[in-house]
Amino acid sequence: MTTRRLYAWGANSYSQLGLDKKSEYELPTEVKINIQDIKKICGGARHTIILDGRGDLHIAGKSDLSPTEYEGMFKKLELNKKFKDVVCGFDMTAAFTDDNKLMVWGNNKNNQLGYPNMSVIKEPIELSLPDNETAINVKFGLKHTAILTKSHHIFIVGLLKHFKNDKNASYKEVDHNSIEWLQLIPNIVITQNDITHIVCGQNHISFVIDRHVIYAHGDNKFGQCSQTETSEKIMKFESGWTHNGYLTESNSLFLYGRNNYGQLGTRSKVLNGITTPQKCSIYPVNDFSLGAEHGILKSGRDIYTWGWNEHRNCGHDTDDDIIEPKLLQLCSHISEIVFVIAGAGFCMVLLETCDK
């Protein structure tokens, strides 16, 4: 018989780990949950949301749905809606309902949630897109939002100067809901199902064409917008603030971009960034997740973390940065690692243990 257990560690000043005390947790600590059939866990900076098999959302931490923190255990959000996906930004959230509506809430000071004259959206509101397009994916930067539509168009709303200043970016300006949006126009012909992944960093956006070619626009100070073509298919793509990572079909992980905290796991820090994807020393990699400047991966039944560690978000008994992936000490009798999750400054792991 197996039991599912959730462990968390790192920044917790807003109870975003779902643990009792509001302080940093240096080492992985079990989170007491009473949520059946967890489908997804996503973390922002101050909050974490769990999507369950019934389509309900459960939250821990600080959310603009409430003026106070959701302290202690995860609490179900009473929204009178059912959801099939949820995405967390630094201080924003988006969720797709079971009838394909895109709902958003949180920080809107830069109009990044698509509405004017509202610095904060305190309850989920449906977001309409230019030309009544249908959203199929959404990702958050620090002050912008990128949306991929069913027609395989990419729209950006919010702080737009980094994209307008990119001489390699082609776009058209679109006025929608009294706000300026940008529609990216890739420099290649896009046909149905070509865009397979989309991610956002602090001030950049990257997307994958046909699982092989990575394009990016925005701030490229550390090489995070490097164009890359892979011989293998890209199965997963993620972004930190200023670095990116992708997992190939042969279970190899590659990282590139800023490396001042060791977030690329290359055994040394590089202040100016690395433009060429670096293969992770751990193999095989079955899954991974990137926080703001740190990462976590699973390899079989082992878990490794690396990078920025100011809040002990790498889960080791030190606050020194971890410059290469380091094996994490968790509970014994692990039968399966279900999810590895990195929030901005924390990590979570959902796993199954064998009961004796």
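Reference entry: report on the structure contained in this document. This one's a predicted model, so the numbers in the text were calculated from it and none came from an experiment.

1. Digging into the layout of surface pockets
Then, in step 1: Estimates place the volume of the largest pocket at around 1,000 Å³.
Then, in step 2: Lys 40, Val 87, Lys 139, Glu 238 and Ser 289 are the residues nearest the centre of the largest pocket, which is lined by 40 residues in total.
Then, in step 3: Counting residues per element, the ones that place at least two in the lining of the largest pocket are β3 (38-43), β7 (83-88), β11 (135-140), β16 (195-200), β20 (234-239), β24 (287-290) and β28 (334-342).
Then, in step 4: Here the residues of the lining of the largest pocket sort into 21 nonpolar, 12 polar and 7 charged.
Then, in step 5: Of the pockets and cavities examined, the second largest pocket occupies roughly 210 Å³.
Then, in step 6: Considering the residues around the second largest pocket, the lining is formed by 16 residues, among which Ala 11, Ala 45, His 311, Ala 344 and Gly 345 are closest to the centre.
Then, in step 7: Taken together, the residues of the lining of the second largest pocket break down into 9 nonpolar, 5 polar and 2 charged.

2. What about the sheet that holds strand β26 (residues 302-307)?
Then, in step 1: The sheet built from 4 strands is open, its strands ordered β24-β25-β26-β27 with antiparallel pairing. Here the strands that pair on one side only, and so sit at the sheet edges, are β24 and β27 (322-327). Looking at each pair of strands side by side, their axes are set apart by 15° on average, direction ignored.
Then, in step 2: Across 4 bridges, the pairing between β24 and strand β25 (residues 294-299) is antiparallel. Residue pairing across strands places Phe 288 opposite Leu 297, the latter belonging to β25.

Reading guide: rules and limits
- In every chain, residue numbers begin from 1 and rise along the written sequence.
- For this predicted model, a pLDDT threshold of at least 70 governs which residues receive local features, and a threshold of 80 or more governs which side-chain atom pairs are given and counted, while totals over whole chains, interfaces and linings are taken from all residues.
- The side-chain numbers reported here are obtained from all heavy atoms of the structure, hydrogens and water having been left aside.
- Only protein atoms enter the calculation, which uses a 1 Å grid: trapped sets of points that fit a 1.4 Å probe without letting it out are cavities, open sets showing protein on both sides within 12 Å along at least five of seven lines are pockets, and any residue with an atom within 4 Å of a point is a lining residue.
- Grid points are joined across faces, edges and corners, and a volume is the space filled by probe spheres set on the points.
- A run of H or I in DSSP becomes a helix once it reaches four residues, and a run of E becomes a strand once it reaches two; helices and strands are each numbered from the N terminus.
- Under the grouping applied here, Gly and all other residues not named as nonpolar or charged are polar, the nonpolar ones being Ala, Val, Leu, Ile, Met, Phe, Trp, Tyr, Cys and Pro and the charged ones Asp, Glu, Lys and Arg.
- Any two strands with at least two DSSP-identified bridges between them are counted as paired.
- Comment: axis = line fitted to C-alpha atoms, over the contacting stretch for helices; angle = value between 0 and 180 degrees taken between N-to-C directions.

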